[in-house]
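Examining the three-dimensional arrangement
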Amino acid sequence: MSRRVDLLIVGAGPAGLSAAVMARRHGLDVLVVDEQPAPGGQIWRNIEAVSGTPRAAILGKAYGDGIDVVRRFRTSGARYEPGTRVWQVEPGPRAYMTRNGTASCIEAGCLLLATGAQERPAPFPGWTLPGVMTVGAAQIALKSSGQIPSGPVWIAGCGPLPLLYAAQLLKAGGRIAGFLDTTPPGRMTAALPKLSAAAFAVPFDLLKGMGWLAAVRRRVPYVPRVTEIEAIGGDAVERLRYVTADGRSATVAAHLLLVHEGLVPTIHPTLALDCLHVWNPDQDCFMPQLDGWGETSEPGVFVAGDGAGIGGAAAACLRGEIAALRIAARTGRLSDAGAAAVAEPIRTRLRRALAIRPFLDRLFRPRADLFVPVDRTIACRCEEVNVASIRAQAAAGRPGPNQVKAFTRAGMGPCQGRQCNYTVAHVLAATEGRTVPDVGLYRVRPPWKPVTLSELAALDTTDMA
């Protein structure tokens, strides 16, 4: 038989942990499930093991701050099931998940999706070669096991994360062959009108970013205004070709290339639930349509953290607390007026935490060419479908992403479109003269994650009623 809890939280990052602490404070029965073996999410990955070690100093204060949140969660009384993979959620809400090879079902009064963000898919020629990986993946290796690349690496992209990782890598004794900054020309001028509000609200964040950039430019060959990159090689990347906005080009030896072009909310779960989504033009992505408490169009289903829009760890914690207050009121543990009163100072801190976002969104908005790669680029790496194949389908009519999926198998692989969804939408929009919001994304069908027949067989048949 299925279990039942007042609140099921999917994701043990900043938002999920903070929501659990707040919900427990008001007496809710809380279960937190997460795929990772320990709490912290991607931003605070492995924080309990790393806290107090030399590696924590390398990763920085923002990483180290996570230990306090994790400790409060550990003592909150919330139940916690790590190593759990949620592969389906139905209205109700009801969640199906797998842990230790066994599938089970959870009935919840409310569901909070705190599944965070993913790195923006940014295909380019050669991006599927071994030796090409994302900056986020390299940082996970550093957080999880202290691993740094054995040889010099090339870093390419824009946004705070490449600069942060470069600074961390240098502190850890790693070597960087070069930093290719793909931030388009003129972005600082466009972002400057938003700088005063950001500087007033979060001056420390701006100073940190300036420090990372200064460290990179002082110690690493730095190439600004890169407009095009290509990884070249046979069985693995061997060379890297790049072109700058003023027409300069070079081909250099490269055995490890790390790329990053920003983050987008993880919306696979809310797409699967048929929640309403809106297009965020400032962050060039879809996000679930939420009310002021983080509730989606599906009653009882909430989203907090970067899944609600990219805002960072501090904002994620505050969004989690706000959602938990509404859920406490929904379950009768708190009056609506009481929830509003407690939430008001949290909302003030949230506005302060998000004040820097308009500046960052304008400064690091990806270049237009990133969204529609050249025809020979692999768009769907799971099924090895290139951009030319997507464009050919569009030329034959006005198909949507789901028709392209049926015709080409793009989006049918293990990632279920997480890596090609936006690329297909952008290529169709450009070819058909439409906008990405008009084209839309793939329809998501269960299971979201791979699940074995033996796991399905372990489900009590009454769970499926």
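Residues numbered from 1 in each chain as written. Predicted model: local features only at pLDDT ≥ 70, side-chain atom pairs only at ≥ 80, totals over all residues. Heavy atoms only, no water.

A few words on the nonpolar core. Counting 69 residues, the largest nonpolar core has Leu-7, Ile-9, Val-30 and Ile-155 as the members making the most contacts within it. Top element by residues in this core is helix H12 (residues 313-330). It accounts for 11 residues. In contact with Val-30, other than residues within four places in its own chain, are Leu-7, Ile-9, Ala-20, Ala-23, Arg-24, Ala-78 and Arg-79. If you look at the next biggest cluster of nonpolar residues, it comprises 45 residues, including Cys-275, Phe-286, Val-385 and Ala-429. (Core = buried A, V, L, I, M, F, W, Y, C linked by side-chain atoms within 4.5 Å. Buried < 20%, exposed > 50% of the residue type's maximum accessible area, 1.4 Å probe, protein only. Helix = DSSP H or I, 4+ residues; strand = E, 2+ residues; numbered from the N terminus. Contact = heavy atoms within 4.5 Å.)

Further remarks concern the pairing of strand E13 (residues 237-244). As paired strands, strand E12 (residues 226-233) and E13 are joined by 7 bridges and run antiparallel to one another. By the bridge assignment, Ile-232 is partnered in E13 with Arg-239. A loop of 3 residues connects E12 with E13, the two strands running antiparallel in sequence. The pairing of E13 with strand E14 (residues 249-253) spans 5 bridges and is antiparallel. Among the inter-strand pairings, Arg-241 is bridged to a residue of E14, identified as Thr-251. Between E13 and E14, which pair antiparallel in sequence order, lie 4 residues; one of them, Gly-247, sits at a positive phi of approximately 90°. (Pairing = 2+ DSSP bridges.)

Our focus in this paragraph is the sheet that holds strand E9 (residues 153-157). Here we have 5 strands laid out as an open sheet, ordered E8-E15-E9-E10-E11, and parallel in their pairing. For this open sheet the edge positions go to strand E8 (132-134) and strand E11 (222-223), each flanked by a neighbour on one side alone. By the bridge criterion, 2 bridges tie strand E10 (residues 176-181) to E11 in an arrangement that is parallel. When the bridges of E11 are listed, Leu-180 appears paired with Val-223. Running over the sheet, helix H6 (residues 135-145) touches E8, E9 and strand E15 (257-260) and is turned about 75° from E8. Most of the contacts of helix H7 (residues 160-171) go to E10, to which it runs at about 165°, and overall it touches E9, E10 and E15. (Axes fitted to C-alpha atoms, helices over the stretch in contact; angles between N-to-C directions.)

Spatially, 3 strands are ordered E12-E13-E14 in an open sheet, and the strand pairing comes out antiparallel. Each edge of the open sheet carries a strand with a single partner, namely E12 and E14. Each neighbouring strand pair of the sheet contributes to a mean axis angle of 20°, computed without reference to strand direction.

Here the focus is the side chain of Arg-319. Residue position: Arg-319 is located in helix H12. If we skip the residues at most four places from it in the chain, Arg-319 touches Ala-304, Gly-305, Ala-308, Gly-309, Gly-311, Leu-350 and Leu-354.

Attention now goes to the layout of surface pockets. Taken as a whole, the second largest pocket holds about 300 Å³ of empty space. Taken together, 23 residues form the lining of the second largest pocket, with Phe-124, Thr-227, Glu-228, Arg-367 and Asp-369 sitting closest to its centre. Elements with a minimum of two residues in the lining of the second largest pocket: E9, E12 and E15. At 4 residues, the largest contribution of residues to the lining of the second largest pocket is made by E12. Across the lining of the second largest pocket, the residue classes break down as 11 nonpolar, 5 polar and 7 charged. (1 Å grid on protein atoms, 1.4 Å probe; cavity = no way out; pocket = protein on both sides within 12 Å on 5 of 7 lines; lining within 4 Å. Points joined across faces, edges and corners; volume = space filled by probe spheres on them. Nonpolar A, V, L, I, M, F, W, Y, C, P; charged D, E, K, R; others polar.)

Our focus in this paragraph is the environment of Glu-238. The residue Glu-238 is located in strand E13 in this model. Judged by its relative accessible area of 37%, Glu-238 falls in the partly exposed class. Spatially, the C-alpha atom of Glu-238 lies 37 Å from that of Asn-280, the residues being 42 residues apart in sequence. Non-local contacts of Glu-238, meaning those with residues more than four positions away in its chain, are made with Ile-232, Gly-233, Val-252, Ala-253 and Ala-254.

So, about helix H13 (residues 336-354). Relative to the 27 Å expected for 19 residues at 1.5 Å per residue, H13 spans 25 Å between its end C-alpha atoms, a close match to the ideal helical length. At Glu-344, H13 is deflected by roughly 35°, the largest bend along its length, and proline Pro-345 occurs up to four residues later in sequence. All of the buried residues along H13 are Gly-338, Ala-339, Ala-343, Ile-346, Leu-350 and Ala-353. Tucked into the core, H13 has its buried residues touching helix H1 (14-25) and H12. (Expected span 1.5 Å × (residues − 1). Bend = angle between axes of the 7 residues up to and from the residue.)

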